[in-house]
Amino acid sequence: EPEVTQTPSHQVTQMGQEVILRCVPISNHLYFYWYRQILGQKVEFLVSFYNNEISEKSEIFDDQFSVERPDGSNFTLKIRSTKLEDSAMYFCASSVTEGGTGELFFGEGSRLTVL
Amino acid sequence: AQSVTQLGSHVSVSEGTPVLLRCNYSSSYSPSLFWYVQHPNKGLQLLLKYTSAATLVKGINGFEAEFKKSETSFHLTKPSAHMSDAAEYFCVVGFSGNTGKLIFGQGTTLQVKP
């Protein structure tokens, strides 16, 4: 069964360092997303991406964050200068149709720890 | 504003007894409603979804949920719990025309005792 894969599963970094989280969405999916979950809090939407551009982003997704689909298979989330409060589980997801009413397929998550 | 509230962050049942996980939503629009499950060290998996068709929705692994507009509820049920149902369950709201910004409840951890 096709699945969304994410790497790394866990990354530890120092505050101020750049981090790139990688995702391989399901191959025939057209819509891509990043969500995050800070420990003990709700899963929160970060950004949606379609047709090589951001469709929507949350207020969390500030200038420190960027997304890219560099080669038609990977979908990356970059955090330019990490802060302590960026520590969270980051989930990548993809879908065939627009996500509001369709099924999103989520990866297992990348846990980011910022020291 | 749209929001989702799951009543009870932790629910414990005995194997073979019914499961009821409660979810209420608040929305200005006609919502799509989902239940996702997350087993330890696994990704979020869709259990079932409601998108304005039948109000009683059947999902995987024997789960079902009923959309009640008058009560703004979408509770998840299963007649008989199995040990493998132990996981975290998320009630989620989405909207047509909304580009994938799903709104999650805080999650309910289901414990199944032998």
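Everything here concerns the structure above.
All values reported here derive from a predicted model rather than from experimental measurement.

Draft legend 1. Quick look at the interface of chain B and chain A. Taken together, the contact between chain B and chain A spans 25 residues of the former and 20 residues of the latter. Summed over both sides, the interface between chain B and chain A buries roughly 1900 Å², with carbon and sulfur atoms accounting for 54% of that surface. Where chain B touches chain A, the interface holds zero salt bridges. Taken together, the links from chain B to chain A amount to three residue pairs in polar contact (both at pLDDT 80 or more). Elements represented by at least two residues in the side of chain B that touches chain A include exactly strand 4 (31-38), strand 5 (44-50) and strand 9 (87-95) of chain B. Here the side of chain B that touches chain A gets four residues from one element, more than from any other, and that element is strand 4 of chain B. Residues of the side of chain B that touches chain A, tallied by class, amount to nine nonpolar, 13 polar and three charged.

Draft legend 2. Molecular detail of the state of the cysteines. Residues and elements named next belong to chain A. Throughout the structure, instances matching the rule amount to two disulfides over all chains. A sulfur-sulfur separation of 1.9 Å characterises the disulfide bridge that pairs Cys23 with Cys92. Taking the sign of the torsion about the S-S bond as the criterion, the disulfide between Cys23 and Cys92, at about -70°, is left-handed. Here the residue Cys23 occupies a position in strand 3 (residues 19-24), and Cys92 occupies one in strand 9 (residues 88-95), the gap between them amounting to 69 residues. Residue classification places Cys92 among the buried positions, given a relative accessible area of 0%.

Draft legend 3. Structural context of the pattern of salt bridges. Applying the stated criterion to the full structure yields three salt bridges over all chains. We note a salt bridge from Arg36 of chain A to Glu44 of chain A, for which the minimum N-O separation is 3.3 Å. Across the pair Lys58 of chain B and Glu64 of chain B runs a salt bridge, and its minimum N-O distance is 2.8 Å.

Draft legend 4. Seen up close, the nonpolar core. Membership of the largest hydrophobic core comes to 28 residues, with the highest contact counts inside it found for Trp35, Leu48, Leu76 and Tyr89 of chain B. Sorting the residues of this core by element identifies strand 2 (10-14), strand 3 (19-26), strand 4, strand 5, strand 7 (64-68), strand 8 (73-78), strand 9 and strand 11 (108-113) of chain B as the ones contributing at least two each. With five residues, the single largest contributor to this core is strand 9 of chain B. Counting residues in hydrophobic clusters, the runner-up holds 23 residues, among them Ile38, Phe61, Phe65 and Val67 of chain A.

Draft legend 5. Fine view of the pairing of strand 3 of chain B. Residues and elements named next belong to chain B. Residues Val19, Leu21, Cys23 and Tyr25 point to one face of strand 3 and are all buried, whereas Leu20, Arg22, Asn24 and Ser26, pointing to the other face, are not buried. As paired elements, strand 1 (residues 3-7) and strand 3 share five bridges and run antiparallel to each other. Directly across from Val4, in strand 3, lies its bridge partner Tyr25.

Conventions and cut-offs
- Residues numbered from 1 in each chain as written.
- Chains lettered and ligands numbered in written order.
- Predicted model: local features only at pLDDT ≥ 70, side-chain atom pairs only at ≥ 80, totals over all residues.
- Heavy atoms only, no water.
- Contact = heavy atoms within 4.5 Å.
- Buried area = accessible area lost by both parts, 1.4 Å probe.
- Salt bridge = Lys/Arg side-chain N within 4 Å of Asp/Glu carboxyl O.
- Polar contact = N/O pair within 3.5 Å; in protein donor to acceptor, adjacent residues only side chain to side chain.
- Helix = DSSP H or I, 4+ residues; strand = E, 2+ residues; numbered from the N terminus.
- Nonpolar A, V, L, I, M, F, W, Y, C, P; charged D, E, K, R; others polar.
- Disulfide = S-S within 2.5 Å.
- Buried < 20%, exposed > 50% of the residue type's maximum accessible area, 1.4 Å probe, protein only.
- Core = buried A, V, L, I, M, F, W, Y, C linked by side-chain atoms within 4.5 Å.
- Pairing = 2+ DSSP bridges.

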